[in-house]
Amino acid sequence: MTSNESITIVEVSSKKLFRLFIEFPHQLYKNCKQYVPQLNLVQRQLLSPKGNPFFNHGEVACFLALDHSGNIVGRIAAIFNRAHVEHYKDETGFFGLFDCINQASVASLLLNKAAEWLRAKGLQKIVGPENLTTNDSAGILTAGFDDPPVFMMPYNFPYYQQLLEANSMLHEMTLFSYHVEHTALPANVYEKSKMLEGRLQEKGIKIRPLSLKKFDAEMDAMQQLYNSSNVGNWGFLPLDSESFLHMARDIRQLIKPGNLVFAEKEGKLIGFALTVPDYNQVFAKIPNGKMFPFGWYYLLRSKDYITRFRIMILGILPAYRGLGIDWCLYAHTAVFTEQCGLGGGEACYVMQENQAMHKMMRRLGGEIVKEYRLYSRAI
């Protein structure tokens, strides 16, 4: 336990505190119309050693900040990812699930507590927010506050940036979201796609959707593709089979075959693009993230509320980049999402240094609408 004259930091060590930790954002953002409550059930699974393979190689400590009356005024999770340390050998730990009132001293106590916990693990640097890995949501929103977040993307008040920078946190990485609309696509997008696909077929490459009948085999092949196509991306960790299948099964519940499009050469997957419906449009109708009594009703009628999508990730093996595969994958995605009645969406995240992706999004008529930042400091 850590405290000053008016604020006490306590570690989450009981079911009651765990519930309060998960529900605190609903209280903090109750008057914010852009806030989308994440399902409490999903947040519990994220932080459950029994439900999340992350805990096979990681540890998490959750902390709450309480004022003199016992009211919660902030929260933070300290995250020790042994797989990251073993892979990068950089003695780095992470913080995440950070929410706080607009008071730098409260943020200071939370950040210092997370840093103290990580330092006791032998780590020398703290980076975040990361909730819990780069495969989950990451960063604080630093531009684009007027629009609600899309599925699995963070949202926070504008003052979060000042809270972190006032506590000696340094800018580590910038990420962007692009807004894309079917009406903004270039006039020749489909004609160009057909031309490129003809050339690709001459090279033995075809574009096709996911086969649900062969889902397990598709995911086995995609694991290698996912890991190989992301090599070199900031903070990326190759996913082992258990972690990848855990992620794949979650996605399986949310998509149709056309949401996942593959590029394939002689039976080998060489590229993919994944989109998901923006389920945040449904979650926004579920008060305080509670499934009962009416949350299930909105989930069951989700198709009545969802009008946009999120482009989650695109990956192409390095040897096959520059052939137009990305353009074809996006064209197939555009056809499918339009058939589903989804008018537009967001492509997230695009790293600042990924100039090829920025160029592609601009060519597709995309416009940057949100910016996110991760921060770091020595501990």
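This text follows the structure it describes.
Residues numbered from 1 in each chain as written. Predicted model: local features only at pLDDT ≥ 70, side-chain atom pairs only at ≥ 80, totals over all residues. Heavy atoms only, no water.

1. Description of the overall build of the chain
- A tally of helices and strands in the chain yields 12 helices and 16 strands.
- Against the compact-globule benchmark of 21 Å for 379 residues, the chain has a radius of gyration of 21 Å, which places it among compact chains.
- Projected onto the principal axes, the alpha-carbon positions of the chain cover approximately 70 × 45 × 35 Å.
- Among the 379 residues that make up the chain, the fraction classed as buried is 55%.
- Within the chain, residue pairs in contact and separated by at least 24 positions form 76% of the contacts whose partners lie at least 6 positions apart.
- Summed over its atoms, the accessible surface of the chain is roughly 17600 Å², and 52% of this surface lies on carbon and sulfur atoms.
- Across the chain, the 40 positively charged side chains and the 36 negatively charged ones have centroids separated by 4 Å. (Helix = DSSP H or I, 4+ residues; strand = E, 2+ residues; numbered from the N terminus. Rg over C-alpha atoms; globule rule 2.2 N^0.38 Å. Buried < 20%, exposed > 50% of the residue type's maximum accessible area, 1.4 Å probe, protein only. Contact = heavy atoms within 4.5 Å. Areas by Shrake-Rupley, 256 points an atom, 1.4 Å probe, with all protein chains shown as cover. Lys, Arg positive; Asp, Glu negative; His and termini not counted. Charge placed at Lys NZ, Arg CZ, Asp CG, Glu CD.)

2. Focus: the packing of aromatic side chains
- Scanning all chains against the criterion turns up 14 aromatic pairs.
- With a centroid separation of 6.1 Å and 85° between ring planes, the pair formed by Phe-95 and Phe-98 is classed as edge-to-face.
- Judged by its relative accessible area of 0%, Phe-95 falls in the buried class.
- A relative accessible area of 6% places Phe-98 in the buried class.
- Taken together through their ring pairs, the aromatic side chains of Tyr-29, Tyr-35, Phe-95, Phe-98, Tyr-155, Phe-157, Tyr-159 and Tyr-160 make up a single cluster.
- A cation over a ring is seen here: Arg-75 above Phe-21, with NZ or CZ 4.8 Å from the ring centre.
- Positioned above the aromatic ring of Phe-215, the side-chain terminus of Arg-252 is 5.9 Å from the ring centre. (Phe/Tyr/Trp six-rings, centres within 6.5 Å; stacked < 30°, edge-to-face > 60°. Lys NZ or Arg CZ within 6 Å of the ring centre and 35° of its normal.)

3. Focus on empty space enclosed by the protein
- If you walk through the whole model with that rule in mind, you get 2 cavities of 30 Å³ or more.
- In this structure, the largest cavity spans a volume of roughly 140 Å³.
- Elements represented by at least two residues in the lining of the largest cavity include exactly β10 (170-181), β14 (308-316) and α11 (325-339).
- Ranked by the residues each element gives to the lining of the largest cavity, the list is headed by α11, at 4 residues.
- Of the residues in the lining of the largest cavity, the class split is 8 nonpolar, 5 polar and 1 charged.
- Estimates place the volume of the second largest cavity at around 40 Å³.
- What lines the second largest cavity is simply Asn-81, His-84, Phe-94, Glu-130, Thr-133, Thr-134, Asn-135, Gly-235 and Leu-237.
- Residue composition of the lining of the second largest cavity, by class: 2 nonpolar, 6 polar and 1 charged. (1 Å grid on protein atoms, 1.4 Å probe; cavity = no way out; pocket = protein on both sides within 12 Å on 5 of 7 lines; lining within 4 Å. Points joined across faces, edges and corners; volume = space filled by probe spheres on them. Nonpolar A, V, L, I, M, F, W, Y, C, P; charged D, E, K, R; others polar.)

4. Quick look at the environment of Arg-362
- Among the secondary structure elements, Arg-362 is positioned in helix α12 (residues 355-363).
- Looking at Arg-362, the relative accessible area reads 49%, which means it is partly exposed.
- Remark: the alpha-carbon pair of Arg-362 and Ile-9, spanning 353 residues in sequence, is separated by 46 Å.

5. Observations regarding helix α1 (residues 15-28)
- Taking 1.5 Å as the rise per residue, α1 with 14 residues should run 20 Å; its terminal C-alpha atoms sit 20 Å apart, in good agreement.
- Along α1, the residues that are buried comprise Phe-21, Ile-22, Phe-24, Pro-25, His-26 and Leu-28.
- Packing partners of the buried residues in α1 comprise α2 (40-46), β3 (58-66), β4 (72-81), β5 (92-100) and α5 (160-165). (Expected span 1.5 Å × (residues − 1).)

6. Section: the side chain of His-182
- Its place among the elements puts His-182 in the loop between β10 and α6 (189-202).
- Its relative accessible area of 14% is what places His-182 among the buried residues.
- Of the polar contacts made by the side chain of His-182, one reaches the side chain of Thr-337; its length is 3.2 Å. (Polar contact = N/O pair within 3.5 Å; in protein donor to acceptor, adjacent residues only side chain to side chain.)

7. Section: the environment of Leu-110
- Secondary-structure assignment places Leu-110 in helix α4 (residues 104-119).
- With relative accessibility at 0%, the residue Leu-110 sits in the buried group.

8. Focus: the side chain of Thr-92
- Within the secondary structure, Thr-92 sits in strand β5.
- Filtering out sequence-adjacent residues up to four positions away, Thr-92 remains in contact with His-84, Val-85, Leu-123, Lys-125 and Val-127.

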